[in-house]
Amino acid sequence: MRIFVGIDLDNEIRTKIARFLEGVRGFAPDARWVRPESLHITLKFIGEQKPEQVAAIAERLQLVESTRAEIRFAAYGFFPTAKAPRVFWIGIQAGPELVELASGIDAALAELQIPREDRPLSPHLTLARGGGGSGAPKWRKGDGSNSIFTELQKRLAAMSELDFGTMTAREFFLYQSQLSPGGSKYTKLQKFSLH
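Residues numbered from 1 in each chain as written. Predicted model: local features only at pLDDT ≥ 70, side-chain atom pairs only at ≥ 80, totals over all residues. Heavy atoms only, no water.

Draft legend 1. View of the environment of Tyr76. Inspection of the secondary structure puts Tyr76 in strand S4 (residues 69-80). With 48 residues separating them in the primary sequence, Tyr76 and His124 have C-alpha atoms 8.8 Å apart. Beyond its immediate chain neighbours, meaning those up to four positions away, Tyr76 contacts Phe88, Trp89, Ile90, Gly91, Leu156, Ala157 and Leu162. (Helix = DSSP H or I, 4+ residues; strand = E, 2+ residues; numbered from the N terminus. Contact = heavy atoms within 4.5 Å.)

Draft legend 2. A look at the sheet that holds strand S3 (residues 40-48). If you trace the four strands from one edge of the open sheet to the other, you get S3-S1-S8-S9, paired in antiparallel fashion. In this open sheet, the two strands that pair with only one neighbour each are S3 and strand S9 (185-193). Taking the axes of each pair of neighbouring strands and ignoring which way they run, one obtains an average angle of 25 degrees across the sheet. As paired strands, strand S1 (residues 2-8) and S3 are joined by seven bridges and run antiparallel to one another. Opposite Gly6, over in S3, you have Thr42 as the bridge partner. Its contacts with the sheet put helix H2 (residues 51-62) on S1, S3, strand S8 (171-178) and S9, and the angle it makes with S9 is roughly 40 degrees. Together, S1, S3 and S8 form the strand contacts of helix H3 (residues 96-110), whose direction differs from that of S3 by roughly 15 degrees. (Pairing = 2+ DSSP bridges. Axes fitted to C-alpha atoms, helices over the stretch in contact; angles between N-to-C directions.)

Draft legend 3. Representation of H3 in the model. Between its first and last C-alpha atoms H3 spans 21 Å; for 15 residues at 1.5 Å apiece the expected length is 21 Å, and the two agree. The complete set of buried residues in H3 reads Leu98, Leu101, Ala102, Ile105, Asp106, Ala108 and Leu109. Viewed end-on, H3 has its buried residues packed into an arc of 170 degrees, placing them on one side of the element. Looking at the buried side of H3, the elements it contacts are S1, S3, H2, S4, strand S5 (85-94) and S8. (Expected span 1.5 Å × (residues − 1). Buried < 20%, exposed > 50% of the residue type's maximum accessible area, 1.4 Å probe, protein only. Arc of directions from axis to C-beta.)

Draft legend 4. Highlighting the side chain of Ser66. Here Ser66 lies in the loop between H2 and S4. Not counting the four nearest positions on each side in its chain, Ser66 is found in contact with Glu97, Glu100, Leu101, Leu194 and His195.

Draft legend 5. Examining the sheet that holds strand S7 (residues 163-169) more closely. In space, the five strands of this open sheet follow the order S2-S6-S5-S4-S7, with antiparallel pairing throughout. At either margin of the open sheet sits one strand with a lone partner, and together these are strand S2 (32-33) and S7. By the bridge criterion, two bridges tie S2 to strand S6 (residues 124-129) in an arrangement that is antiparallel. Looking at the pairing, Trp33 lines up with Ala128 of S6. This element, helix H1 (residues 11-24), spans S2, S4, S5, S6 and S7 of the sheet and lies at about 150 degrees to S7.

Right, here's the structure in full:
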């Protein structure tokens, strides 16, 4: 099973972003756009695990103590750079609680020999991928100048500041990711409450 830990979006935020996507999707027709119902904030990508390991992971996640986090969805950008765009994303601004939650999850899972993250959390919502399709922020082989997002970038530059609002994260989830030709499908396996 391919799994990760993440936070789901409030319906109000999801609806605002879905409306925005309807309006801009046509400016980058060759990109692969994320379905609004699939939007989530990834806190920790774990990868392929055997079912018994998934049960042990869920057990460890029960022990993670963390507080609720205020999360604002605003601004946008491109990975790895605007001049060589492969991923179009919306920015996430949050207090220290979100970083503390991510490091608590990282520490808990390290006890099960799941490798720790090698860089600090840079939360974002991926909206579209172009080219090779990896969502990784770092520069990858094959990245370079391309025109997939050129028209979209022009249109975004002419818009006012993007702001989709703020939500309070009251829980996080262990998700299963299933790859399919129509895009990844995410299933919530277990919920963990924040205090």
